Amino acid sequence: MRLTVDYDLCTGHGRCYMLYPDLYDADDSGDAVVLLPIVPTDREQEALESVDCCPEGAIVVELDPPAAEPPHEAGGDAAVAAPAFAKPT
Amino acid sequence: MTPSASRAAEAAPTVACEHARRFTIYDTGTPLDPYPTLREIRSGCPVARSEQFGGYWIVTRYADARFVLQNPEIFSSTQNTIPPRKDISVGPPIPLNVDPPHHTDYRKLLEPLMSPKVARAMEPRIREEVRKLVAPIVTAGGTELVEGMAAKLPGLVFLPLLGLDVTELDELLSLHTRLLATTRVAPEDREAATRVREEAEAALHAKVGALLDARSAMPDPPEDIMTALAVADLENAPLGRPEALRTVKLLFAAALDTVKNTLSMAMYYLAQHPEQRAELVADERLIPVAVEEFIRFFSPAPTGRLVMRDVEVGGVTFAAGDMVLVPIVAANHDDARFAEPDRIDFHRRSNPHIGFGAGPHRCLGSHLARMELKVALEEIHRAMPEYHLASDVPPRVHGGAIVGIDRLDLVVGPAGAVAP
Ligand code: HEM
Ligand code: SF4
């Protein structure tokens, strides 16, 4: 699983690094820095949950391409939990 | 859907839309439910039209509010109050009323000076100030908290941020009150109020001007906001004395009443909910979550935008030149986004609230505001884990630019608890 922040959307609310300090840190202006861009398996659940904390919809989780599954929306399960707020376009 | 159900669903919107026509942010309900009308509008007429102040749209759903705030090229901040701001003798506030690309330059200058790192560095000093404010309350056995504490804390934090001394707090607060003299005034008192405001503005301009000059003259000025405004050069946007003044004046307006009112309303809530208060006392780690929840729940700062081109929002077409009100509190109580939005829950897992706005104008002071609120709640509850309301009469709630309560009389100690 890959974890990225879309810097066109991130404005530095800091919800991610406050709630998930193992996954994110802040840069000098308060924007997010991803600490685990390749998410270890035991952190995947946390990474998926973290998508949902961002007021800008800036957090993107990409699932590793599975052998036999339809293509995913960015956000995977978390995007399903909050259908209206999957990353626009 | 059965025909009768669909007719009922159709009937509701007209009532809600009808109520929206009269809605303004000055019409408030009770402290814990300041805008019952907005709830009705969100469910019955989510993108509504008010006929007040020359007419404007009201956007009440989370998704629509975020769309408006995240798209500055369609929704400009050059006008963001309804009715438009009048008291702007030096020009509109920076960066609040500036659009990208100039806005981006101002933000790049200011963000590092108000970052999470800066807020963390300020924590010990904030704690010391809070302790000094709380100790006499415990000794006296109670207080009027709004003016007695909540109004003072943000000023004490903000003064050094600007390079001023904390001994100047009374002067700062008096200036602040006088700058707002014309905002809540009867027409017959307007002339006198305008004079008060203009004198306060002249005093502020002189003071800030002198500070900026002093910073420019220093060989090794401290790294803070005042220095940045005095000496920085921006790539695209102008930054002379007028722009510096417009920025400082905004910080005045944005830093003080926001934190004051959020803290006051949080304390009003906690005074009436001893079980939830006990949770915070027992486990301080819940306090940062509680702070976010209070900001979501009270969302005291509404905003607005000017429509730059025809655009559809939630099935309604706005035209270039229209004004849009974004009552952020409505978005943050949208049950399409937040489970049980009208409940304050210190264990809420998913809380992507937009209480600090969204998009490029996301509150610059948010990291500082959170730190102030966190430390205040920690220190208050360490020093006085139990307190209750001195009176059953709910305080008056005022609407407008920043929603808040005017008074909060607290008694320290356990009570014949007041029922919620
Ligand atoms: C609980 C406290 C606070 C709340 C709820 C709050 C809320 C907001 C909101 C909603 C906005 C966006 C307005 C818009 O989009 O038009 C904003 C902007 C701003 N806030 Fe705050 N604020 C708080 C505290 C502070 C503090 C303590 C400071 C300063 C130390 C501050 C400084 C600013 C500034 C400078 C802006 C303009 C940012 C820009 O336009 O780019 N705020 N605030
Ligand atoms: S919560 Fe979202 S907007 Fe805020 S810092 Fe994290 S990624 Fe950026």
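Everything that follows concerns the structure shown earlier in this document.
Residues numbered from 1 in each chain as written. Chains lettered and ligands numbered in written order. Predicted model: local features only at pLDDT ≥ 70, side-chain atom pairs only at ≥ 80, totals over all residues. Heavy atoms only, no water.

Comments concerning the overall build of chain A
Here is step 1 of the chain: When helices and strands are counted, chain A shows three helices and four strands.
Here is step 2 of the chain: For chain A, the succession of helices and strands along the chain, N to C, is β-α-β-β-α-β-α.
Here is step 3 of the chain: Residues classed as buried in chain A amount to 47% of the 89 residues present.
Here is step 4 of the chain: If you take every contact in chain A between residues at least 6 apart in sequence, the share linking residues at least 24 apart comes to 58%.
Here is step 5 of the chain: Of the roughly 4600 Å² of accessible surface on chain A, 55% is carried by carbon and sulfur atoms. (Helix = DSSP H or I, 4+ residues; strand = E, 2+ residues; numbered from the N terminus. Buried < 20%, exposed > 50% of the residue type's maximum accessible area, 1.4 Å probe, protein only. Contact = heavy atoms within 4.5 Å. Areas by Shrake-Rupley, 256 points an atom, 1.4 Å probe, with all protein chains shown as cover.)

With respect to the interface of chain A and chain B
Often the size quoted for an interface is simply the accessible area lost on bringing the parts together.
Here is step 1 of the chain: At the junction of the two partners, chain A supplies 22 residues and chain B supplies 27 residues.
Here is step 2 of the chain: Across the chain A/chain B interface, buried area totals approximately 2000 Å², and carbon plus sulfur atoms make up 47% of it.
Here is step 3 of the chain: At the boundary of chain A with chain B, the tally comes to four salt bridges.
Here is step 4 of the chain: With its nearest N and O atoms 2.5 Å apart, the salt bridge here joins aspartate 28 of chain A to lysine 117 of chain B.
Here is step 5 of the chain: Looking at the side of chain A that touches chain B, the element that brings in the most residues is helix α1 (residues 15–19) of chain A, giving three residues.
Here is step 6 of the chain: Among the residues forming the side of chain A that touches chain B, the class breakdown is ten nonpolar, seven polar and five charged. (Buried area = accessible area lost by both parts, 1.4 Å probe. Salt bridge = Lys/Arg side-chain N within 4 Å of Asp/Glu carboxyl O. Nonpolar A, V, L, I, M, F, W, Y, C, P; charged D, E, K, R; others polar.)

Digging into the sheet that holds strand β1 (residues 47–50) of chain B
Residues and elements named next belong to chain B.
Here is step 1 of the chain: Here we have five strands laid out as an open sheet, ordered β1-β2-β8-β5-β3, and mixed in their pairing. Every interior strand has two partners, whereas the edge strands, β1 and β3 (75–76), have only one.
Here is step 2 of the chain: Bridge analysis of β3 against strand β5 (residues 303–307) gives two bridges, and the strand direction is antiparallel. Each bridged residue has a counterpart across the sheet, and for phenylalanine 75 the counterpart in β5 is valine 307. (Pairing = 2+ DSSP bridges.)

Looking at the packing of aromatic side chains
Residue and element names in this part refer to chain B.
Here is step 1 of the chain: According to the stated counting rule, one finds ten aromatic pairs over all chains in the structure shown.
Here is step 2 of the chain: Look at phenylalanine 67 and phenylalanine 75: their rings are 5.8 Å apart centre to centre, the planes differ by 80°, and that puts the pair in the edge-to-face class.
Here is step 3 of the chain: The exposure class of phenylalanine 75 is buried, given its relative accessible area of 1%.
Here is step 4 of the chain: Taken together, a centroid distance of 6.3 Å and an interplanar angle of 20° make the contact between phenylalanine 294 and phenylalanine 298 stacked. Residue phenylalanine 294 and its partner phenylalanine 298 are both found in helix α13 (residues 287–298); the two are separated by four residues, about one turn of the helix.
Here is step 5 of the chain: Owing to a relative accessible area of 1%, phenylalanine 294 belongs among the buried residues under this scheme.
Here is step 6 of the chain: Cluster of aromatic residues (ring-pair linked, three or more members): Tyr269, Phe294, Phe297, Phe298 and Phe346.
Here is step 7 of the chain: Arginine 296 extends its terminal NZ or CZ atom over the ring of phenylalanine 338, reaching a point 5.5 Å from the ring centre.
Here is step 8 of the chain: Positioned above the aromatic ring of tyrosine 62 is the side chain of arginine 337, whose terminal nitrogen or guanidinium carbon lies 5.8 Å from the ring centre. (Phe/Tyr/Trp six-rings, centres within 6.5 Å; stacked < 30°, edge-to-face > 60°. Lys NZ or Arg CZ within 6 Å of the ring centre and 35° of its normal.)

Description of the site of ligand 2
Residues and elements named next belong to chain A.
Here is step 1 of the chain: Around ligand 2 sit Cys10, Thr11, Gly12, His13, Gly14, Arg15, Cys16, Tyr17, Ala32, Cys54, Glu56 and Ile59, and those are all the residues in its vicinity.
Here is step 2 of the chain: By residue number, the principal contributor to the shell around ligand 2 is α1, which donates three residues.
Here is step 3 of the chain: Class assignment of the residues belonging to the shell around ligand 2 gives a composition of six nonpolar, four polar and two charged. (Near = heavy atom within 4 Å.)

Thoughts on the state of the cysteines
Residue and element names in this part refer to chain B.
Here is step 1 of the chain: Scanning all chains against the criterion turns up one disulfide over all chains.
Here is step 2 of the chain: Residue pairing for cysteine 17: its cysteine sulfur links by disulfide to cysteine 45, the two sulfurs lying 2.0 Å apart. Between cysteine 17 and cysteine 45, the disulfide has an S-S torsion of 100° and is therefore right-handed. You can see cysteine 17 sitting in helix α1 (residues 3–20) and its partner cysteine 45 sitting in the loop between α2 (36–44) and β1, a full 28 residues away along the chain.
Here is step 3 of the chain: Cysteine 17 sits in the partly exposed class, given a relative accessible area of 26%.
Here is step 4 of the chain: Judged by its relative accessible area of 7%, cysteine 45 falls in the buried class. (Disulfide = S-S within 2.5 Å.)

A look at the packing of helix α7 (residues 152–161) of chain B against helix α11 (residues 241–272) of chain B
All names here are of chain B.
Here is step 1 of the chain: Close contact between α7 and α11 brings their axes to 8 Å; oriented N to C, the two are set at 145°. Remark: the crossing between α7 and α11 carries right-handed chirality. Each of Leu153, Pro154, Gly155 and Phe158 in α7 lies in contact with α11, whose residues at this interface are Leu251, Phe252, Ala255, Leu256, Val259, Lys260 and Leu263.
Here is step 2 of the chain: Tallied by class, the residues present in the contact of α7 with α11 amount to nine nonpolar, one polar and one charged. (Axes fitted to C-alpha atoms, helices over the stretch in contact; angles between N-to-C directions. Left-handed = near helix turned anticlockwise from the far one by under 90°.)

As for the side chain of arginine 277 of chain B
All names here are of chain B.
Here is step 1 of the chain: Following the sequence through the fold, arginine 277 ends up in helix α12 (residues 274–282).
Here is step 2 of the chain: Buried charge without a partner: arginine 277 forms no salt bridge, and the closest opposite charge is glutamate 386, 4.5 Å away.
Here is step 3 of the chain: Leave out the neighbours within four places in its chain, and arginine 277 touches Leu270, Ala271, His381, Pro385, Glu386 and Tyr387. (Lys, Arg positive; Asp, Glu negative; His and termini not counted.)

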